[in-house]
Amino acid sequence: MSNNTNLTLQFIKQYNGFSFEIDCILKEKVTAFLGASGSGKTTLLNCISGILSPDQGEIVYQDRKLYSSKHKINLPPEKRRIGYVFQEGHLFPHINIAGNIRYGQSRRKQKQYADVREIIDILEIEDLLKRYPKQLSGGQRQRVAIARSIAMEPSLLLMDEPLASLDSGLKNRIIPYLHHIKERFEIQILYVTHTISEAMALADEAYILSDGKITAHGDPHQLLTSPSAMPIANMTGVENVFTLPVSKVDKEKGITELEIGKQTLIIPYIDRNTGDSIPIGIRAEDIIISLEPNLPISARNSLKGCIDKIEKIGDKTILSIIVEGFHLSVKITHSAKEQLNLSQNTDVYCVIKANAVNLLLQDSLDLSVSAPTDHQPDP
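In this text the structure is predicted, and so the values were computed from the model without any measurement.

K.L.:
What's the story with the packing of aromatic side chains in this structure? I'm lost.
P.N.:
Between two aromatic rings, the relevant description is the distance of the centres plus the angle of the planes. Applying the stated criterion to the full structure yields 6 aromatic pairs. Ring centres of Phe92 and Tyr103 lie 4.8 Å apart, and the angle between their planes is 75°; this geometry places the pair in the edge-to-face category. Placement of the pair is Phe92 in the loop between β7 (82-85) and α2 (97-106) and Tyr103 in helix α2, with a sequence separation of 11 residues. Judged by centre distance (5.1 Å) and plane angle (80°), the rings of Phe242 and Phe326 are edge-to-face. Remark: Phe326 occurs in strand β19 (residues 326-333) and Phe242 occurs in strand β12 (residues 239-250); sequence separation between them is 84 residues.

What follows is the structure, given as structure tokens:
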């Protein structure tokens, strides 16, 4: 990104007893903001987009003041040239998909945008153009919402937890689409989420928000595997993030072995050298607890650990298990906890399928999409 695409955020917003304060300059192509619910993520995006007005300060993008209390500038949303993808997509239910994308086109200044057909191809939505939003799956709706926002040809794209309502399978399908968009289009992106793996897969820089303040920032792979990010992982109960060294690579068997203390974690094959550090994420609900080692099942990993803490959160029990000095969060049902008679200091085995280990490497993503054809339908 060129220097004139810097986004300066220096403002304060207070309402309903909540105070949000930020002071930073974003220079990277994709910046992720992570935080738990109530940390201020949506407030940040709404102030940048113009939906909310800060109390004081300024927001400057490409040397253009979008908001300035000193100069009494507060551009309305339609004049900011900003795309916004919401968590639920917010498509127009009475308009088909082609019409929804046209809505995005109608709001930009230029009358022709050749890349619209490329957007349709990258997001694989050509077959959806004649359908209506109610006929789409959650993942399809989100892809259309992303296409509509990009068709506006924004200089800045805001994404407010766009994958939060999707299950893990759909998330893993859409992340490569987002990565391809990042590589193909000259659009600066602000991506807010509470999911560490999404930020590590997409972002060039990451910030952690807590109670309306930035508490840490830096390179995603360093920041989000540090203790600074652990409160987010613990609060969401979604995933465990570690960086582990490669101990063995076996291309013929299709596996790579990672070293976790004196134990081994097997993952699908990746082309790495022994000793290389690999950041990984494991979802709390993808771990099975057993009291016995070496169960006769297909899962390749059985890590021995000891229960350090047990918490009830809603309809689930969250176990904090110490495995070779690492804290592993595991989500199980209350009945499973009772059936296994689990308690603090109980020795257990964490059973994990190799495919349940998410590689948090940008170059590990499958970026293949359908090849462009000679003709794409006009949306």
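K.L.:
What's the story with helix α4 (residues 138-151) in this structure? I'm lost.
P.N.:
Residues spaced three or four apart along an α-helix face the same direction, because each turn holds 3.6 residues. Over its 14 residues, α4 runs 20 Å from end to end, which matches the ideal 20 Å to within 8%, given 1.5 Å per residue. Within α4, 12 of the 14 residues are buried, which leaves it mostly tucked inside the rest of the structure. Turning to α4, its buried residues number three or more, namely Gly139, Gln140, Gln142, Arg143, Val144, Ala145, Ile146, Ala147, Arg148, Ser149, Ile150 and Ala151. With its phi angle positive at about 55°, Glu153 sits one or two positions after the end of α4.

K.L.:
Looking at this structure, how should I read unusual backbone geometry?
P.N.:
Residues apart from glycine generally show negative phi values, whereas peptide bonds are mostly found in trans. For Arg81, which is not glycine, the phi torsion reads 55° and is therefore positive. When you line up the elements, Arg81 lands in the loop between β6 (73-74) and β7.

K.L.:
Please clarify how helix α1 (residues 41-49) should be interpreted in this entry.
P.N.:
For α1, a buried count of 8 out of 9 residues is recorded, marking the element as mostly surrounded by other parts of the structure. Here α1 has its buried residues at Lys41, Thr43, Leu44, Leu45, Asn46, Cys47, Ile48 and Ser49. Positioned one or two residues after α1, Gly50 has a phi angle of 100°, which is positive.

K.L.:
Honestly, the pattern of salt bridges in this entry has me stumped. Any pointers?
P.N.:
Pairing between side chains becomes possible if they bear opposite charge and their charged atoms approach one another. For the structure on display, the rule yields 6 salt bridges. When the shortest N-O distance is used, the salt bridge between Lys182 and Asp204 registers 3.0 Å. Residue Lys182 is located in helix α5 (residues 168-184), and its partner Asp204 is located in the loop between α6 (196-202) and β10 (205-210); the two are separated by 22 residues in the primary sequence. Residue classification places Lys182 among the buried positions, given a relative accessible area of 5%.

K.L.:
Explanation requested: the environment of Leu244 in the structure shown.
P.N.:
Mapped onto the elements of the fold, Leu244 is located in strand β12. Given a relative accessible area of 1%, Leu244 falls into the buried group. Excluding residues within four positions of it along the chain, Leu244 makes contact with Leu258, Glu259, Ile260, Leu265, Asp276, Ser277, Ile278, Ile280 and Phe326.

Rules used throughout
Residues numbered from 1 in each chain as written. Predicted model: local features only at pLDDT ≥ 70, side-chain atom pairs only at ≥ 80, totals over all residues. Heavy atoms only, no water. Phe/Tyr/Trp six-rings, centres within 6.5 Å; stacked < 30°, edge-to-face > 60°. Helix = DSSP H or I, 4+ residues; strand = E, 2+ residues; numbered from the N terminus. Expected span 1.5 Å × (residues − 1). Buried < 20%, exposed > 50% of the residue type's maximum accessible area, 1.4 Å probe, protein only. Salt bridge = Lys/Arg side-chain N within 4 Å of Asp/Glu carboxyl O. Contact = heavy atoms within 4.5 Å.

Just geometry here; none of it tells us what the structure is for.
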